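# Understanding the architecture of this molecule
In case you want the letters, here they are:
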Amino acid sequence: MPLLLLFLAACDPADDAAAPDTVADDTAAGVPSGALDPALFLAEGLAADIRTEACTLSGGTTTTCYRIEVHSLPTEHDVGPFCPRSVTDDARVTGIWIEDGAVFDASGAFIEGLATFYDDDNWQLYDESTGAVNVTASYEACEAAARPDVDPAYQNYCVECSTDYLDAGTTSTYLLPVTPVPLASPAEIDRMGVVGLALNGVDFDPPAPVEAILANYTIAAFDDCGGHVNLHAGYHYHAATGCPTEVAQSDAHAPLIGYALDGYGLYAMLDTAGTEPSDLDACRGHADATRGYHYHVASPGENMFIGCFHGEQGEREGGEGPPP
Ligand SMILES: [Zn+2]
Ligand SMILES: [Zn+2]
């Protein structure tokens, strides 16, 4: 039985203050229940059993990390669709785009209206006579367009890559600290790195390089789950839209959706009453008696999950490369 379920069974949900004392698990004595629980990762997303090993964190601390090998492919929700094929395709058969804090359906009508949306007549992602949308529908096109230095031949394309292009044997390995180590001052998010890991084994990535994408008159559409595919990182998320596995909390707190690279918990933005915490720090974190320090991810339109790292980061081995 996962630790959280034990906790749920033992805890009076109305009494948060007593919660840490009710955690009587052998591995969690004195540690808030928010500590990383390996049992919460979906077995289908793992390439190997999670084990512990010695590691050195970003701040130089030598400690123990969980070694988590993942497939980086969701098993509990579909991948795609991303781009429309025609300007008549509606939101049911397309994904999303984000701009200025808001989420837009990447529908055919949206593609048709890009010149107006971005107030730039150079946008022309479709054939005016047939209504066909320019989509990167091959491995070569994906490789040329799904990178910050877009091949000029693929300007004015809706960019999507298929998971079929990925090597089936590809896995990524994460080392996440068993006990997070707070920093004296927060660390910036590395745009070439990774923010964290969903419970299904998929990356939460740094902000998509939207400036470079738009400068090339491309739209790197996300699916409705806020993810898309590149050849280096595989499928990865840029927005939390509620698709991947969540673990409900015994109180009204937002559900757990994964863990950040520093080992602290990543929770949804809103609690069960639909309210965002009012006391988040610059990293979008705060602490409570039940979970200790943890993050609440940003709204899906913000092109970010958290603002910075509160603790020393573990690392991701493999899967390197730019995250467009
Ligand atoms: Zn919280
Ligand atoms: Zn991306």
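Residues numbered from 1 in each chain as written. Chains lettered and ligands numbered in written order. Predicted model: local features only at pLDDT ≥ 70, side-chain atom pairs only at ≥ 80, totals over all residues. Heavy atoms only, no water.

### Focus on the overall build of the protein
When helices and strands are counted, the protein shows six helices and 18 strands. Considering only residue pairs separated by 6 or more positions, the protein has 64% of its internal contacts joining residues 24 or more positions apart. When the accessible surface of the protein is totalled, it reaches about 13,800 Å², and 50% of it is carbon and sulfur. (Helix = DSSP H or I, 4+ residues; strand = E, 2+ residues; numbered from the N terminus. Contact = heavy atoms within 4.5 Å. Areas by Shrake-Rupley, 256 points an atom, 1.4 Å probe, with all protein chains shown as cover.)

### Brief notes about the coordination of the zinc ion (ligand 1)
For the zinc ion (ligand 1), the full set of protein donor atoms is His253 (NE2), His286 (NE2), His294 (NE2) and His296 (NE2), at a range of 2.0 to 2.1 Å. Considering all four donor atoms around the zinc ion (ligand 1), the spread of angles at the metal, 93 to 162°, places the coordination shape in the irregular class. Donor residues for the zinc ion (ligand 1), ordered by position in the chain, follow H-x32-H-x7-H-x1-H. With a gap of 10 residues between them, His286 in strand 15 (residues 285-288) and His296 in strand 16 (residues 292-296) connect regions that are remote in the sequence. (Donors = N, O, S within 2.8 Å, 3.2 Å for Na, K, Ca; no water. Tetrahedral: all angles 85-135°; square planar, octahedral: opposite > 155°, others 65-115°.)

### What to know about the sheet that holds strand 2 (residues 62-70)
The sheet built from four strands is open, its strands ordered 1-2-6-18 with antiparallel pairing. Of all strands in the sheet, those bounded by a partner on one side alone are strand 1 (51-56) and strand 18 (315-317). Neighbour-to-neighbour, the strand axes of the sheet open up by a mean angle of 35°, direction not taken into account. Two strands pair when backbone bridges link them, and strand 2 and strand 6 (residues 172-177) are joined in this way by six bridges, in the antiparallel orientation. (Pairing = 2+ DSSP bridges. Axes fitted to C-alpha atoms, helices over the stretch in contact; angles between N-to-C directions.)

### Things to note about the pattern of salt bridges
By the definition in use, this model includes 10 salt bridges. One salt bridge connects Arg67 with Glu53, and the closest N-O pair in it is separated by 3.4 Å. Placement of the pair is Arg67 in strand 2 and Glu53 in strand 1, with a sequence separation of 14 residues. Owing to a relative accessible area of 25%, Glu53 belongs among the partly exposed residues under this scheme. As a salt-bridge pair, Arg291 and Asp251 come within 2.7 Å of each other at their nearest N and O atoms. In this pair, Arg291 sits in the loop between strand 15 and strand 16 while Asp251 sits in the loop between strand 12 (234-237) and strand 13 (256-260), placing the two residues 40 residues apart along the sequence. (Salt bridge = Lys/Arg side-chain N within 4 Å of Asp/Glu carboxyl O. Buried < 20%, exposed > 50% of the residue type's maximum accessible area, 1.4 Å probe, protein only.)

### Looking at the nonpolar core
Grouped together as the largest cluster of nonpolar side chains are 76 residues, with contacts concentrated most on Ile68, Trp97, Trp123, Ile219 and Tyr295. Each of domain 1 (3-75 + 172-205 + 239-317) and domain 2 (91-166 + 209-236) contributes no fewer than three residues to this core. By size, the runner-up hydrophobic cluster in this structure holds five residues, among which are Cys55, Cys65, Leu175 and Val181. (Core = buried A, V, L, I, M, F, W, Y, C linked by side-chain atoms within 4.5 Å. Domains from an automatic or database assignment.)

### Regarding the packing of aromatic side chains
Across all of its chains, the model carries 16 aromatic pairs by this definition. Aromatic side chains Tyr154 and Tyr157 sit 5.0 Å apart centroid to centroid with 70° between the ring planes, which places their arrangement in the edge-to-face category. The class of Tyr157 is partly exposed, set by a relative accessible area of 21%. One aromatic cluster in this structure is built from Phe104, Phe110, Phe117, Tyr118, Trp123 and Tyr217. (Phe/Tyr/Trp six-rings, centres within 6.5 Å; stacked < 30°, edge-to-face > 60°.)

### Looking at unusual backbone geometry
For the bond from Gly80 to Pro81, the omega torsion is 0°, close enough to zero to count as cis. One non-glycine residue, Asp100, lies in positive phi territory at about 55°. In this structure, Asp100 sits in the loop between strand 3 (96-99) and strand 4 (102-105). Accessibility expressed as a relative area gives 78% for Asp100, which makes it exposed. The phi torsion at Asp119 lies on the positive side, around 50°, for a residue other than glycine. With respect to the helices and strands, Asp119 occurs in the loop between helix 4 (114-117) and helix 5 (139-145).

### Notes on the state of the cysteines
The full count for this structure, using the stated rule, is five disulfides. In this model, Cys55 is linked to Cys65 through a disulfide, with the two sulfur atoms separated by 2.0 Å. In this structure the cystine formed by Cys55 and Cys65 twists about its S-S bond by roughly 75°; its chirality is therefore right-handed. One end of the pair, Cys55, is in strand 1; the other, Cys65, is in strand 2, with 10 residues separating them in the sequence. For Cys65, a relative accessible area of 1% puts it in the buried group. (Disulfide = S-S within 2.5 Å.)

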